[in-house]
Amino acid sequence: MARLRALLLALAATAAILLASADAFYLPGSYPHKYNPGESLNVKVNSLTSIDTEIPFSYYSLPFCTPPDGVKDSAENLGELLMGDRIETSPYRFKMHANDTDVLLCRSDPLSPGAFTLMKKRIDEMYQVNLILDNLPAIRYTRKDDYFLRWTGYPVGIRVGADYYVFNHLQFTVLVHKYEDPNVARVMGTADATDAIPSKDTSTSPSPASSGWMVVGFEVVPCSIKHNPDDAKSLKMYAKYPSKIACDPTTVSMSIKEGEPIVYTYEVSFVESDIKWPSRWDAYLKMEGAKVHWFSILNSLMVIAFLAGIVFVILLRTVRRDLTRYEELDSEAQAQMNEELSGWKLVVSDVFRAPTNPMLLCMMVGDGVQILGMAVVTILFAALGFMSPASRGTLITGMLFFYLVLGILAGYASVRVWKTIKCGDHSGWVGVSWRTACFFPGIAFLILTTLNFLLWGSQSTGAIPFSLFVVLILLWFCISVPLTLVGGFLGAKAPHIEYPVRTNQIPREIPAQKYPSWLLVLGAGTLPFGTLFIELFFIMSSIWMGRVYYVFGFLFIVMLLLVIVCAEVSLVLTYMHLCVEDWKWWWKSFFSSGSVAIYIFLYSINYLVFDLKSLSGPVSATLYLGYSLFMVIAIMLATGTVGFISSFCFIHYLFSSVKAD
């Protein structure tokens, strides 16, 4: 009774977390910040980014204004550093409820030849400036026909003919909502989503007598305005610009020229909004194409579920018919049948013969279990709201943490398979565990180090600092490796899986096949690829096009369907090989489902050529292909492990039902 009560309490707590995260994609435990009228608001800057190069650079690599007290790094977590985010302080200063116009930010030094060339290059490469206020990225709206397009950040400048223009005046709009109740739980409970774009009616001004305000929106309109550098020469930062500034985003006039300074200005207005604090990220999450996304995912789920059902039914009916027919015969008839017929019955004495390179197979299975476990736990936590887009870097940090901890599963699985292949002999388990702990991380380290040298050479903020490299290596050898060895020890102590039939000393000759068996194995990856190619498009768009991905609930369902389809495809391929007396199923079962990685890599190349337009330059394309290769290797290990384990369980069950001498 006590166990039942504890289970019900756990389920109730999980349901409460799920319901809370359904209304707002926020990390449980985060609270809104209340600002009093006149309180300072500090804007931060992030790295300059571009979908044309995918190489981030520091904001202050261009001749922008710097804070009067110097540039300071903001607190960053491990995930932000790995993603190339470099959040720093900015010179922009606001005061709650204090509208301000014609504010002079600074007058830059005359553009040197190097700065002038770099500015033109960044404009040609379509780099965006990313600003952050109260953890909200600056959002920009552009009107097209009858609907609005939403963008995060604003472009450095624009090229018109042979001239380059910089956006040197920013019109900020800060949306605020009254802090109605100090009870945060009550505020969180009143969340409601808004589809409409908030109105910019500045006639509605917040009352200064309110108890406090929360920032629920941060909008920016960039303008290119020709300022006279002589007018700003004697003025200090935050002084009133002498002439009235009229921001018109449809025209540009501030062209950059070598040897001439740039004058930067801004204005800010505060607008009261009906948006609740938990719903303030709706403008970022509800991008155009959301309906198409949901419809496509639902359609894909139905089709894949239907195909998986057909495969499952055919498999059950075929195997059951063969088993029933074989078991109804007596021993003499079985012997005669074995002489006359071919099929999976004839390989009963060879089906559990050890594969070639058994240690490599054990290593790959162990790493696949670790990667798959990391993916399941991470996506589940993200679906519950623990890794929201509002908390930058938590998704990458969580993935790394779960991967390190789940090293114990990798060691256990690899050594357990090794012990089973060796028929109960666990000697060499330390070597298996050690190699498992170093196989995939070693591949990842090699790829990422090579790409990091390219980023270092480009002086990009995406380059991992040397100190972070040391931290990652310490995490690898101080957490992942010991846990993998512990898991290997547990696997060595666990009983091995006994084979239901004996294996002959002399292997049976495999008949000549009409078609190469590996051709069928490579083609088997098309069905698992069909389960995720739609979701893959949105994930790729999130990674490479700067869009926010947040439908982790659908991603979790798609991943479960992918696991089911990989298992069934591997079962069917394994059964087909056994029917033609091909008893070498170990590696083929792994790659029949793992071959989906080939199609994902081909899709990545297609996305590079047709969506990203081959990026800009060989360095960007190399980075893209390198990260894609890292991703497909991880997917290959995870899906291949699913196929191998399901095929092993199927063969063990199948031959446990056979009467064999």
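Residues numbered from 1 in each chain as written. Predicted model: local features only at pLDDT ≥ 70, side-chain atom pairs only at ≥ 80, totals over all residues. Heavy atoms only, no water.

- For the protein chain, an unreviewed UniProt entry supplies the name Transmembrane 9 superfamily member and the organism Lolium multiflorum.
- Turning to the protein chain, the UniProt record has this under Sequence similarities (unreviewed entry): "Belongs to the nonaspanin (TM9SF) (TC 9.A.2) family." (UniProt positions renumbered as here; feature names shortened; annotations may be inferred.)

Observations regarding the nonpolar core
1) Next: Formed by 143 residues in total, the largest nonpolar core has its most connected members in Tyr92, Phe94, Leu131, Phe172, Phe218 and Phe655.
2) Next: Membership of the second largest hydrophobic core comes to nine residues, among which are Ile225, Ile245, Cys247 and Val263. (Core = buried A, V, L, I, M, F, W, Y, C linked by side-chain atoms within 4.5 Å. Buried < 20%, exposed > 50% of the residue type's maximum accessible area, 1.4 Å probe, protein only.)

What about helix 16 (residues 586-594)?
1) Next: Of all nine residues in helix 16, eight are buried, a share of seventy percent or more.
2) Next: Along helix 16, the residues classified as buried are Trp586, Trp587, Lys588, Ser589, Phe590, Ser592, Ser593 and Gly594.
3) Next: The inward-facing, buried residues of helix 16 abut helix 8 (358-383), helix 10 (407-421), helix 13 (517-523), helix 15 (552-579), helix 17 (596-610) and helix 18 (618-656). (Helix = DSSP H or I, 4+ residues; strand = E, 2+ residues; numbered from the N terminus. Contact = heavy atoms within 4.5 Å.)

Quick word on the pattern of salt bridges
1) Next: Throughout the structure, instances matching the rule amount to eleven salt bridges.
2) Next: As a salt-bridge pair, Asp102 and Lys244 come within 3.8 Å of each other at their nearest N and O atoms. With a gap of 142 residues between them, Asp102 in strand 3 (residues 100-107) and Lys244 in the loop between strand 13 (213-223) and strand 14 (263-272) connect regions that are remote in the sequence.
3) Next: Given a relative accessible area of 6%, Asp102 falls into the buried group.
4) Next: With a relative accessible area of 66%, Lys244 lands in the exposed category.
5) Next: Its salt-bridge partner being Arg353, residue Asp350 comes within 2.6 Å of it at the nearest N-O pair. (Salt bridge = Lys/Arg side-chain N within 4 Å of Asp/Glu carboxyl O.)

Section: the environment of Leu448
1) Next: Tracing the backbone shows Leu448 in helix 11 (residues 429-457).
2) Next: It is 7.9 Å that separates the C-alpha atoms of Leu448 and Gly626, two residues lying 178 residues apart in sequence.

Here's the deal with the pairing of strand 11 (residues 163-166)
1) Next: In this sheet, strand 11 lies alongside strand 10 (residues 157-160) in antiparallel orientation, the contact comprising four bridges. When the sheet's bridge partners are listed, Ile158 is paired in strand 11 with Tyr165. (Pairing = 2+ DSSP bridges.)

A closer look at the state of the cysteines
1) Next: According to the stated counting rule, one finds two disulfides in the structure shown.
2) Next: The disulfide partner of Cys65 is Cys106, and the gap between their sulfur atoms is 1.8 Å. Handedness here is read from the sign of the S-S torsion; for Cys65 and Cys106, about -80 degrees, the answer is left-handed. Of the two residues, Cys65 is situated in the loop between strand 1 (40-45) and helix 2 (78-82) and Cys106 in strand 3; the sequence distance between them amounts to 41 residues.
3) Next: We classify Cys65 as buried; its relative accessible area is 4%.
4) Next: Judged by relative accessible area, which is 15%, Cys106 ranks as buried.
5) Next: Across a sulfur-sulfur distance of 1.7 Å, Cys223 and Cys247 are joined as a disulfide pair. Every disulfide takes its handedness from the sign of the S-S torsion; for Cys223 and Cys247 that torsion is 65 degrees, giving right-handed. Separated by 24 residues along the polypeptide, Cys223 in strand 13 and Cys247 in the loop between strand 13 and strand 14 bring together distant segments of the chain. (Disulfide = S-S within 2.5 Å.)

Brief notes about the packing of helix 8 against helix 16
1) Next: The N-to-C vectors of helix 8 and helix 16 enclose an angle of 35 degrees; their axes lie 11 Å apart at closest approach. As for the relative orientation of helix 8 and helix 16, their crossing is left-handed in sense. Of helix 16, the residues touching helix 8 (which contributes Leu360, Leu361, Met364 and Val365) are Trp586, Trp587, Phe590 and Phe591.
2) Next: When its residues are assigned to classes, the contact of helix 8 with helix 16 shows eight nonpolar, no polar and no charged. (Axes fitted to C-alpha atoms, helices over the stretch in contact; angles between N-to-C directions. Left-handed = near helix turned anticlockwise from the far one by under 90°. Nonpolar A, V, L, I, M, F, W, Y, C, P; charged D, E, K, R; others polar.)

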